[in-house]
2 protein chains.
Amino acid sequence: MFESAELGHKIDKETFNQEEPKLREALLEAQHEMMDKKEFPVLILISGVDGSGKGETINQLYSWMDPRHISTLAFSEPTDEERMRPVMWRYWRALPAQGKIGIFAGSWYSQPITDRINGDLRRSDLDARLVGINSFEAMLVNEGALVLKFWFHLSHEGQRSRLKALEKNPKTAWRVTQESYDRLKTYDKLQAVAGHVLRVTNSAKAPWIIVEGTDDAYRSLTVGRIVLDALQRRLKQQGRAMVPVAPAIVQQPIDDKSVLSALDLTQRLGKKDYESQLAKYQGRLAELMRDPRFVGKRSLALVFEGPDAAGKGGCIRRVVAAMDARLYQIIPVAAPTEEEREQPYLWRFWRHLPRTGRVVIYDRSWYGRVLVERVEGFCQENDWLRAYAEINDFEQQLVEAGSVVVKFWLHISADEQLRRFQERQETAFKRFKITDEDWRNREKWDEYMAAACDMVDRTSTGRVPWTTVEANDKNFARIKVLRTVCKRLEEALGDEQGKYRKT
Amino acid sequence: MFESAELGHKIDKETFNQEEPKLREALLEAQHEMMDKKEFPVLILISGVDGSGKGETINQLYSWMDPRHISTLAFSEPTDEERMRPVMWRYWRALPAQGKIGIFAGSWYSQPITDRINGDLRRSDLDARLVGINSFEAMLVNEGALVLKFWFHLSHEGQRSRLKALEKNPKTAWRVTQESYDRLKTYDKLQAVAGHVLRVTNSAKAPWIIVEGTDDAYRSLTVGRIVLDALQRRLKQQGRAMVPVAPAIVQQPIDDKSVLSALDLTQRLGKKDYESQLAKYQGRLAELMRDPRFVGKRSLALVFEGPDAAGKGGCIRRVVAAMDARLYQIIPVAAPTEEEREQPYLWRFWRHLPRTGRVVIYDRSWYGRVLVERVEGFCQENDWLRAYAEINDFEQQLVEAGSVVVKFWLHISADEQLRRFQERQETAFKRFKITDEDWRNREKWDEYMAAACDMVDRTSTGRVPWTTVEANDKNFARIKVLRTVCKRLEEALGDEQGKYRKT
């Protein structure tokens, strides 16, 4: 793996001075073209052995390109904010938007490698993290990102002599600490762990580029050339380059039974029963929210999906009535903003993730990818097909970070929807709730229902199942939602030993 | 996950009788078209709960299609032959060729699921297996295969009543055993494990299709329709469907140093030294081959690559001189045979894998994918780019099964090659060794060397490193090869605790 980076590569000063102006000009030009096009972000990961020139290379890249459109993202110990969310949250927050370059000084690789060297991470846990990293990077590339992963390597002797050289120079001596020398001692361990990590994550979509770190000119020129070459290739692609895949495998129903058609929509709840149960479950929910096992360890994410006018808003109001307003946030999900469109589709949901003790309620959600975007053709078939696995991964990360994720599909019949639409149009204070788009969507009722059935089939998992709610009767729906939230919270809080994790 | 398969789907006899002739005709037609085209194989995995009609469905598929071009592959306890090789070997052996349909009654999923239910497999080991399965299936699809994975589901009550029904009917009563009832008891455990396995392996490339198993007509018709639909879509594709990917990231050298150019080809070994060392290492190798730690637990795979006339054959002869001829096999790798071209490119190497106590020597190897196939354009850029990771996976599986894998790049200078070519042409008994193709390849010397450097960089891993051999002097090369084989074997045999696995 590291053979090519122990050869003593060197570029003499003259060659460097000849090459640099051309490289700089070409890099600037490519960067401006990519800024104008705003079609894809660039992620540059700078990682490797201590003293291998990571900082110098980042400075060099800044000096060659327009620094206003580059950001450098460094990650040390996670903050409180970060510790209260899934491990990958801090990296999602830092993703560069389309047209921007993000340099990751330290990345999602740093912590697992360090933890493994220190013995704080078992090999099987490391491998599980690497699986997650591979999925994350595949998703980035599928969403259009250009991902360049550099690993700067030094031989053991090379690392020692670089430290000595840094120490000798008064300008850089401050950078050499006892820690630097301690790291020399774990050199072999680092090589073994890094070798494994690099092998497992050396995918065709985001391969590692290993660069010898000894000679500044060689290292900088190599990185600069690779960044330039990759940028130019990416800019030349009409849209994105294509590779062959299997055809979509779609399961067409052959009878009229589906998870939705099977629902008994005649179920009703009388006013009296409704009121007593509402009080009961709201009370219970308020208690659960204050339970120390929730406050200190858990968070809650509620997802509401369903046809227009299914009563999502009404259910949400009954849920939050039981909660302290400082603890929850409702995220109404409509068309993405400009900022959100410049990121992978899951980004806008990551940004709102609840921290420990908090609640986020999504009024529509990431499932838009496999519902409206699929039906309306806002993304390609391949994009929504891969979304099922991406979404399952995403929710899995939430669960692993202690979140309780409860997903509701509120279901009404087509007739009931029509009745509610008409009522909305006839009632002045409800008129704002109905638009032309609602009527247009209604014409595609069957397609939306087919997409919803596929969604439930493919994303109802053991730890994050869908709850389908018979919602022709609003009272019935609201109580079922409240009861389900209480039940799922009770199960999770009772699950101190994490029994759901033992499958 | 299983919600849609607990709804009591049913197709009445009349509908079935109406649909069946049309379906059968269309299936036969599609099957014949795919046989004629011989462009891709079809893999149908039939798995699921006991008593859910797996056997019946397979029989139904046979009755609908041309059974001469279908094979059913059942896997029970691994045979001795299979236990002596990597876990996936039995499935590689069974892969259907292009134009053929293979029905897997039981598959690479069966053992991990059973072992996990019985507590013989830790969760982390299960997950590691699933990662391997995902890579395997991605490779199959990338190589063109159509992979259809069915999971037949029954509710707990449904399983019980199906057993009762089978028992009542004298024709099927024999199929119900005590074991069947025992399995009812582990129903919940199976659901939990299967739910996890299906979620993790529900990729966009090879998604799971979950079918309710209760009603024979519904189940058969569903499977038949999905097979037909997928076949028709696949046949309609011009070549294969395309999805976007990132551009290739290629590292161009910026100085003249490379793992190959850095070799000191002037190294020589005098005749006397050569002869004494030859005797020494051949003797040592012969001992190692008889070592009980090798015979009972290990196998050896040697890979020889290098330019034409680098002396691969001569090295191989010196190695095998130390071995019992019944224990080794030399595989000369030239252009693939017709049978091999109808399979994924790694298939022809899997078939020759050594079993415990045996040696296989590859004279050229799977690295052809990233050497000749890359340089000559025999495969697409995307194909050889993904091959690095596929090859690393493959070798990893060998190592995990106890193989010692030693890879040699025999390197000579372009001048030395010319000298040897001329000598071959001038010597009558060597003339058969030189062809026009050798001269043509020589013209692309630089491209081949660049490909070889990339190969070493990307596939020299901790447990399976490349050994580059300075081969301008044949004596020197032969001794380095023999010495390396002995050393790697000694390390491996001393590694009883598997210390290499602890990275």
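The rules behind these values
- Residues numbered from 1 in each chain as written.
- Chains lettered and ligands numbered in written order.
- Predicted model: local features only at pLDDT ≥ 70, side-chain atom pairs only at ≥ 80, totals over all residues.
- Heavy atoms only, no water.
- Helix = DSSP H or I, 4+ residues; strand = E, 2+ residues; numbered from the N terminus.
- Buried < 20%, exposed > 50% of the residue type's maximum accessible area, 1.4 Å probe, protein only.
- Contact = heavy atoms within 4.5 Å.
- Disulfide = S-S within 2.5 Å.
- Pairing = 2+ DSSP bridges.
- Axes fitted to C-alpha atoms, helices over the stretch in contact; angles between N-to-C directions.
- pLDDT = per-residue confidence, 0-100.
- Salt bridge = Lys/Arg side-chain N within 4 Å of Asp/Glu carboxyl O.
- Least-squares fit on C-alpha atoms with pLDDT ≥ 70 in both.
- Buried area = accessible area lost by both parts, 1.4 Å probe.
- Polar contact = N/O pair within 3.5 Å; in protein donor to acceptor, adjacent residues only side chain to side chain.
- Left-handed = near helix turned anticlockwise from the far one by under 90°.
- Nonpolar A, V, L, I, M, F, W, Y, C, P; charged D, E, K, R; others polar.
- Phe/Tyr/Trp six-rings, centres within 6.5 Å; stacked < 30°, edge-to-face > 60°.
- Lys NZ or Arg CZ within 6 Å of the ring centre and 35° of its normal.
- Parallel < 35°, antiparallel > 145°, perpendicular 65-115°, else oblique.
- Arc of directions from axis to C-beta.

Observations concerning the overall build of chain A
Link 1 in the chain: Counting its regular elements, chain A contains 21 helices and 11 strands.
Link 2 in the chain: By its C-alpha atoms, chain A is 85 × 50 × 40 Å across when sized along the principal axes.
Link 3 in the chain: Each of the 503 residues in chain A was classed as buried or not, and the buried ones make up 57%.
Link 4 in the chain: When contacts within chain A are restricted to residue pairs at least 6 apart in sequence, those whose partners lie at least 24 apart make up 81%.

What about the state of the cysteines?
Residues and elements named next belong to chain A.
Link 1 in the chain: Tallying each qualifying case throughout the model produces 0 disulfides over all chains.
Link 2 in the chain: This cysteine, C453, is not joined by any disulfide, and C379 carries the nearest cysteine sulfur, 19 Å off.
Link 3 in the chain: On the basis of relative accessibility, which here comes to 12%, the residue C453 falls in the buried class.

Some remarks on the sheet that holds strand β2 (residues 70–74) of chain A
All names here are of chain A.
Link 1 in the chain: The strand order across the open sheet formed by 5 strands is β2-β3-β1-β4-β5, and the pairing between neighbours is parallel. Each edge of the sheet is formed by a strand with only one pairing partner; in this case those strands are β2 and β5 (208–212). Ignoring strand direction, the axes of neighbouring strands in this sheet form an average angle of 20°.
Link 2 in the chain: As paired elements, strand β1 (residues 42–48) and strand β4 (residues 146–153) share 7 bridges and run parallel to each other. If you follow I44 over to β4, its bridge partner there is L148.
Link 3 in the chain: Relative to the sheet, helix α2 (residues 54–64) contacts β1, β2, β3 (101–105) and β4, its axis offset from that of β2 by approximately 165°.

Remarks on the sheet that holds strand β8 (residues 328–332) of chain A
All names here are of chain A.
Link 1 in the chain: Judged by pairing direction, the sheet is parallel, and its 5 strands sit side by side in the order β8-β9-β7-β10-β11 without closing on themselves. Whereas interior strands pair on both sides, the edge strands pair on one side only; in this sheet they are β8 and β11 (466–470). Averaged over all adjacent pairs, the angle separating strand axes in this sheet is 20°, with direction ignored.
Link 2 in the chain: Across 5 bridges, β8 lies against strand β9 (residues 359–363) in parallel orientation. Counted as the bridge partner of I330 is I361 from β9.
Link 3 in the chain: Sheet strands in contact with helix α13 (residues 312–320) are β7 (299–305), β8, β9 and β10 (403–411), and its direction is about 160° off that of β7.
Link 4 in the chain: Where helix α20 (residues 445–459) meets the sheet, its contacts fall on β10 and β11, and the angle it forms with β10 comes to roughly 155°.

Notes on the confidence of the model for chain A
Residues and elements named next belong to chain A.
Link 1 in the chain: Across chain A, the average pLDDT comes to 89, with 96% of residues at or above 70.
Link 2 in the chain: Note that residues 497–503 has pLDDT below 50 and, in this model, 16 contacts with residues that lie over four places away or in other chains.
Link 3 in the chain: Note on the complex model: pTM 0.83, ipTM 0.78.

Side note on the pattern of salt bridges
Pairs may arise between side chains of opposite charge once their charged atoms sit close together.
Residue and element names in this part refer to chain A.
Link 1 in the chain: Per the counting criterion, the structure on display carries 92 salt bridges over all chains.
Link 2 in the chain: A salt bridge links E19 to K22, with the shortest nitrogen-to-oxygen separation between them at 3.7 Å. Of this pair, E19 and K22 both sit in helix α1 (residues 13–37), 3 residues apart, which is roughly one turn of the helix.
Link 3 in the chain: Residue E19 is classed as buried on the basis of its relative accessible area of 19%.
Link 4 in the chain: K22 sits in the exposed class, given a relative accessible area of 52%.
Link 5 in the chain: Note that R419 and E416 form a salt bridge whose closest N and O atoms lie 2.8 Å from each other. Note that R419 and E416 are positioned in helix α18 (residues 414–426) at a spacing of 3 residues, about one turn of the helix.
Link 6 in the chain: Members of the salt-bridge network, linked through shared partners, are E143, R369, E373, D383, R386 and E390.

What to know about the relation of the copies chain A and chain B
Link 1 in the chain: Between chain A and chain B, the superposition needs a rotation of 180° and an axial shift of 0.0 Å, giving an RMSD of 0.0 Å. Such a turn and shift between the copies fits a two-fold axis.

Comments concerning the interface of chain A and chain B
When the parts of a complex come together, some accessible area is lost, and that lost area is often used as the size of the interface.
Link 1 in the chain: Taken together, the contacts link 73 residues of chain A with 73 residues of chain B.
Link 2 in the chain: Between chain A and chain B, a total of about 6600 Å² is buried, with carbon and sulfur atoms accounting for 58% of that surface.
Link 3 in the chain: In this structure, the connection of chain A to chain B is made through 1 salt bridge.
Link 4 in the chain: Summed over the shared surface of chain A and chain B, the number is 12 residue pairs in polar contact (both at pLDDT 80 or more).
Link 5 in the chain: For the side of chain A that touches chain B, the secondary structure elements donating two or more residues are α6 (123–142), β4, α9 (187–200), β5, α10 (216–236), β6 (241–245), α17 (381–400) and α20 of chain A.
Link 6 in the chain: Take the side of chain A that touches chain B: its biggest share by element is 9 residues, from α10 of chain A.

What about helix α5 (residues 110–117) of chain B?
All names here are of chain B.
Link 1 in the chain: Looking at α5, one finds that the buried residues are P112, I113, D115, R116 and I117.
Link 2 in the chain: Turning to α5, the residues buried within the fold contact α6 (123–142), β4 (146–153) and α9 (187–200).
Link 3 in the chain: At the C-terminal side of α5, G119 shows a positive phi close to 80°.

Section: the packing of α6 of chain B against α9 of chain B
A packed helix pair is summarised by two numbers, namely the angle formed by the two axes and the spacing between the axes.
Residue and element names in this part refer to chain B.
Link 1 in the chain: One can describe the packing of α6 onto α9 by two numbers: an axis separation of 10 Å at closest approach and a directional angle of 35°. Crossing of α6 over α9 shows right-handed handedness. Side by side, α6 and α9 meet where R123, L126, D127, L130 and N134 of the first sit next to H196, V197 and V200 of the second.
Link 2 in the chain: Within the contact of α6 with α9, the residues separate by chemical class into 4 nonpolar, 2 polar and 2 charged.

Describing the packing of aromatic side chains
Link 1 in the chain: Summed over the entire model, instances satisfying the criterion amount to 38 aromatic pairs over all chains.
Link 2 in the chain: Consider the rings of Y91 of chain B and W108 of chain B, whose centres lie 5.6 Å apart with planes at 80°: the pair is edge-to-face. Of the two residues, Y91 of chain B is situated in helix α4 (residues 89–94) and W108 of chain B in the loop between β3 (101–105) and α5; the sequence distance between them amounts to 17 residues.
Link 3 in the chain: When the ring centre of F40 of chain A is taken as origin, the NZ or CZ atom of R234 of chain A, which lies over that ring, is 4.4 Å away.
Link 4 in the chain: One cation-aromatic arrangement involves R85 of chain B over W89 of chain B; the distance from NZ or CZ to the ring centre is 4.1 Å.

A closer look at the packing of α5 of chain B against α6 of chain B
All names here are of chain B.
Link 1 in the chain: Across the interface, α5 lies against α6 with an axial gap of 10 Å and an inter-helix angle of 170°. Put simply, α5 runs roughly antiparallel to α6. Seen from α5, the contacting residues are Q111, P112 and R116; seen from α6, they are R123, L126 and R129.
Link 2 in the chain: Each residue belonging to the contact of α5 with α6 can be placed in one class, and the counts come to 2 nonpolar, 1 polar and 3 charged.

Looking at unusual backbone geometry
Link 1 in the chain: Its identity as a non-glycine residue notwithstanding, R364 of chain A has a phi of 70°, on the positive side.
Link 2 in the chain: Inspection of the secondary structure assignment puts R364 of chain A in the loop between β9 and α16 (372–375).

Topic: α2 of chain A
Residues and elements named next belong to chain A.
Link 1 in the chain: If you check which residues of α2 are buried, you get T57, I58, Q60, L61 and W64. Taken down its axis, α2 places every buried residue within 160° of arc, on the same side.
Link 2 in the chain: Residues of α2 that are buried in the fold lie against α1, β1, β2, β3, β4 and α10.

A few points about the environment of L95 of chain A
Residue and element names in this part refer to chain A.
Link 1 in the chain: With respect to the element layout, L95 can be found in the loop between α4 (89–94) and β3.
Link 2 in the chain: Taking the C-alpha atoms as reference points, L95 and N17, 78 residues apart in sequence, are found 33 Å from one another.
Link 3 in the chain: In contact with L95, other than residues within four places in its own chain, are L43, F136, L140, Q343, P344 and W347.

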